[in-house]
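One-letter residues, chain by chain:
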Amino acid sequence: MSTATDPASSGSAALGGGRPSSAPGTERRRLGVRLLTPEGAVFDGVAYMVVAPSVQGEVGILPRHTPFIAFLRMGETRIKLLDDTEQVFATTEGYLSVEEDRVLVLVEQAERAEDIDFERARAALERAEADLAAAGDDEVKRVAAESARRRAENRLAVVSRR
């Protein structure tokens, strides 16, 4: 008879099998993770945890999570890799779905924190604020400028935490 800590009773490695321990020499449960934008995959790999900013608060997804769908707000999405490193992304609004140890994050834009140029992001914020001030009563320009401002603020917040 298998026990809960027996790797054979925990499912296949492809679907997150193995022991939950992160001790050296042990296998950690895993998630297949894809972070997609309309331009293509920004991340496509294996991780042990995904943390994303849902509209109702931050959600953390671990292997064996129940099927789940969430609307995402703009913020920081973190993917914790099997080697205990972390990939961090500034992401815009979108969706997250979980099914059978697979996590799919669909967002309009995603940028790796390490690829964000602080000065460029600060300049984008200044441009957005100037555009917002110049928009006046033009609703379309105002909405576009507010969106650009929120994206720039998010990029600055994400890169500042690194």
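Note: the structure precedes this text.
Report follows, based on the coordinates. (Residues numbered from 1 in each chain as written. Predicted model: local features only at pLDDT ≥ 70, side-chain atom pairs only at ≥ 80, totals over all residues. Heavy atoms only, no water.)

### Quick notes on helix α2 (residues 139-160)
Between its first and last C-alpha, α2 extends 31 Å over 22 residues, near the 32 Å set by a 1.5 Å rise per residue. Listing the buried residues of α2 in full gives Ala145, Ala152, Asn154, Arg155, Leu156, Val158 and Val159. Tucked into the core, α2 has its buried residues touching β6 (75-80), β7 (86-91), β10 (110-112) and α1 (118-135). At the N-terminal boundary of α2, the capping side chain belongs to Asp138, with an oxygen 3.1 Å from the backbone nitrogen of Val140. (Helix = DSSP H or I, 4+ residues; strand = E, 2+ residues; numbered from the N terminus. Expected span 1.5 Å × (residues − 1). Buried < 20%, exposed > 50% of the residue type's maximum accessible area, 1.4 Å probe, protein only. Contact = heavy atoms within 4.5 Å. Polar contact = N/O pair within 3.5 Å; in protein donor to acceptor, adjacent residues only side chain to side chain.)

### Focus on unusual backbone geometry
For Asp84, which is not glycine, the phi torsion reads 70° and is therefore positive. For Asp84, the position within the fold is in the loop between β6 and β7. One non-glycine residue, Asp101, lies in positive phi territory at about 60°. With respect to the helices, strands and loops of the structure, Asp101 is situated in the loop between β8 (94-99) and β9 (102-107). For Asp101, a relative accessible area of 9% corresponds to the buried category.

### Points about the pattern of salt bridges
Opposite charge on two side chains allows them to pair when their charged atoms are near. By the definition in use, this model includes 13 salt bridges. Residues Arg78 and Glu58 are paired through a salt bridge, measuring 3.2 Å at the closest nitrogen-oxygen approach. Residue Arg78 is found in strand β6, and its partner Glu58 is found in strand β4 (residues 57-61); the two are separated by 20 residues along the sequence. By relative accessible area, which is 16% here, Arg78 ends up buried. Of the charged contacts, one joins Arg161 and Glu76 as a salt bridge, the two residues approaching to 3.1 Å between their closest N and O atoms. (Salt bridge = Lys/Arg side-chain N within 4 Å of Asp/Glu carboxyl O.)

### Observations concerning the packing of α1 against α2
The N-to-C vectors of α1 and α2 enclose an angle of 155°; their axes lie 8 Å apart at closest approach. Here α2 runs roughly antiparallel to α1, going by the angle between their axes. In the packing of α1 onto α2, the handedness of the crossing is left-handed. For the pair α1 and α2, the contacting residues are Phe118, Arg120, Ala121, Arg122, Ala124, Leu125, Ala128, Glu129, Asp131, Leu132 and Ala135 in the first and Lys141, Arg142, Ala145, Glu146, Ala148, Arg149, Ala152, Glu153, Arg155, Leu156, Val159 and Ser160 in the second. (Axes fitted to C-alpha atoms, helices over the stretch in contact; angles between N-to-C directions. Parallel < 35°, antiparallel > 145°, perpendicular 65-115°, else oblique. Left-handed = near helix turned anticlockwise from the far one by under 90°.)

### Structural notes on the nonpolar core
Ranked by size, the top nonpolar core spans 18 residues in total, and within it Val33, Leu96 and Val103 carry the most contacts. Excluding anything up to four places from it in sequence, Val33 contacts Phe43, Asp44, Gly45, Ala47, Val50, Ile79 and Val103. By size, the runner-up hydrophobic cluster in this structure holds eleven residues, among which are Val88, Ala124, Ala152 and Val159. (Core = buried A, V, L, I, M, F, W, Y, C linked by side-chain atoms within 4.5 Å.)

### Some words on α1
In this model, α1 (18 residues) spans 25 Å end to end at C-alpha, consistent with the 26 Å of a helix rising 1.5 Å per residue. Buried within α1 are the following residues: Ala121, Ala124, Leu125, Ala128 and Ala135. When α1 is viewed along its axis, its buried side chains cluster within an angular range of 100° and face the same direction. What points out from α1, more than 90 degrees from its buried face, is the exposed set Ala133 and Ala134. For α1, the secondary structure elements touched by its buried residues are α2. The N-cap of α1, judged by a side-chain oxygen 2.9 Å from the amide nitrogen of Glu119 a few residues on, is Asp117. Trailing α1 by a residue or two, Gly136 shows a phi angle of about 55°, which is positive. (Arc of directions from axis to C-beta.)

### A word on the pairing of strand β3 (residues 49-54)
The buried fraction of β3 amounts to five of the six residues, a majority that puts the element mostly inside the structure. By the bridge criterion, three bridges tie β3 to β6 in an arrangement that is antiparallel. Each bridged residue has a counterpart across the sheet, and for Val51 the counterpart in β6 is Arg78. The pairing of β3 with β4 spans five bridges and is classified as antiparallel. Counted as the bridge partner of Val50 is Ile61 from β4. (Pairing = 2+ DSSP bridges.)

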